[in-house]
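Chain and residue survey
Now for the letters of each chain:
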Amino acid sequence: MASGLCLHKTGIRSHLAAMALDDSFRQFLDRFQIPDLTQLDWKHSTDKLRQQFYVASRAIERDAPEMADISLLKVAGADGPLRARLYTPLGAGIPPGPGIVFFHGGGFMLGDLDSHDMVCKRLAEGARCRVIAVDYRLAPEHAFPAAHEDALAAWTWIVANAAKLGLDPERLAVSGDSAGGNLSAYLAQEMNRTGGPRPAFQLLLYPLVQFVDIRAKKMSFQEGGFFISANLFEYFRDSYITDESQRMDVRVSPLFAGPDAFKGLPPAHFVLCGWDPLKDEGLAYADKMASFGVRVTVREHPGMVHGFMNMTALSDTVRLAIRDAGHVVGKALGAV
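What comes next is a walk through the structure. (Residues numbered from 1 in each chain as written. Predicted model: local features only at pLDDT ≥ 70, side-chain atom pairs only at ≥ 80, totals over all residues. Heavy atoms only, no water.)

Here the structure, examined in full by the defined rule, presents 2 cavities of 30 Å³ or more. Taken as a whole, the second largest cavity encloses approximately 30 Å³ of empty space. Taken together, Phe102, His104, Asp112, Leu113, His116, Cys120, Ala133 and Val134 make up the lining of the second largest cavity. Its residues assigned to classes, the lining of the second largest cavity shows 5 nonpolar, 2 polar and 1 charged. (1 Å grid on protein atoms, 1.4 Å probe; cavity = no way out; pocket = protein on both sides within 12 Å on 5 of 7 lines; lining within 4 Å. Points joined across faces, edges and corners; volume = space filled by probe spheres on them. Nonpolar A, V, L, I, M, F, W, Y, C, P; charged D, E, K, R; others polar.)

One pair of aromatic rings is described through two measures. These are the centre distance and the angle between the planes. The tally for this structure, following the rule as stated, stands at 8 aromatic pairs. Ring centres of Phe144 and Tyr240 lie 5.6 Å apart, and the angle between their planes is 85 degrees; on these two criteria the pair is classed as edge-to-face. Of this pair, Phe144 sits in the loop between strand 5 (130-135) and helix 4 (146-160) while Tyr240 sits in helix 6 (residues 230-240), placing them 96 residues apart in sequence. This pair shows no difference in class: Phe144 is buried, exactly as Tyr240 is. When the centroid spacing of 5.7 Å and the interplanar angle of 20 degrees are considered together, the rings of Phe262 and Phe292 count as stacked. Remark: Phe292 occurs in the loop between helix 8 (279-291) and strand 9 (296-305) and Phe262 occurs in helix 7 (residues 259-262); sequence separation between them is 30 residues. Phe292 gets classed as partly exposed once you look at its relative accessible area, which sits at 29%. The structure contains a cluster of three or more aromatic residues connected by ring pairs, namely Phe108, Phe144, Phe211, Phe233 and Tyr240. (Phe/Tyr/Trp six-rings, centres within 6.5 Å; stacked < 30°, edge-to-face > 60°. Helix = DSSP H or I, 4+ residues; strand = E, 2+ residues; numbered from the N terminus. Buried < 20%, exposed > 50% of the residue type's maximum accessible area, 1.4 Å probe, protein only.)

Printed below as a string of structure tokens:
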């Protein structure tokens, strides 16, 4: 499967022709149906979504990268300790070294350390540096800004305790997919706003960068699909954002932040999907960053769907895509 990389200092656009949805994903998606979300039965629907997401994202693979060490630990959250997992790949080298702080996706409602275990292993292998995954609080039990406050508290704690974790605080990247990409973008902007410890790099995997609207996007290809649809998007949004006036809050919609949040941001690499309603806003965010002089690269996988990196068992393309994204980060941090 071909993918496209484009780099511009003043503007970023997709130049790739539309491609058919990858057959392995079409067959897989046909097996999953979203529960009825129209009644907003929070507990029943959320429990079912979490169960399906767990089944869909779990992968046991014979060629899983071997790690030198995987450690469970606790990091600070905004309202108490959070679970975290530290991955040390064989090529990490002598500590302290560069690292990636990773936040999982799932619409702020789904996901945990296990759902993104394989993603983190392959990122660590590709980057040849440590990855620390953080398990933040989820909606609807914990509404906005709980996840964002947890991400900020965890980032601050990890930077302060970097040496104990084998990490160089000056060479830490932030990364995440979808909602986790939102948390990563928020952290980079927040460090700009507050003068806090700034990430050295951003790896944004099909990030959610605005929580205002999705209905205007072309959704026909996946209107009833599992990974993202207009109804599912709104379900996620309304479970996390309980006050409609908060949808424009720049913490959850960093696309709409002002110039001060963008000027001086660390370099970023975007991974986007051709079959993803969030692709256009990802491109818009990359373009806005580039307009303020931030170095930005974009890799698009035209035949892939939103959330494809959780499907490592389906395709060699997925496994290579994650390793490639990790390699970009490792190169930026001086690990490869």
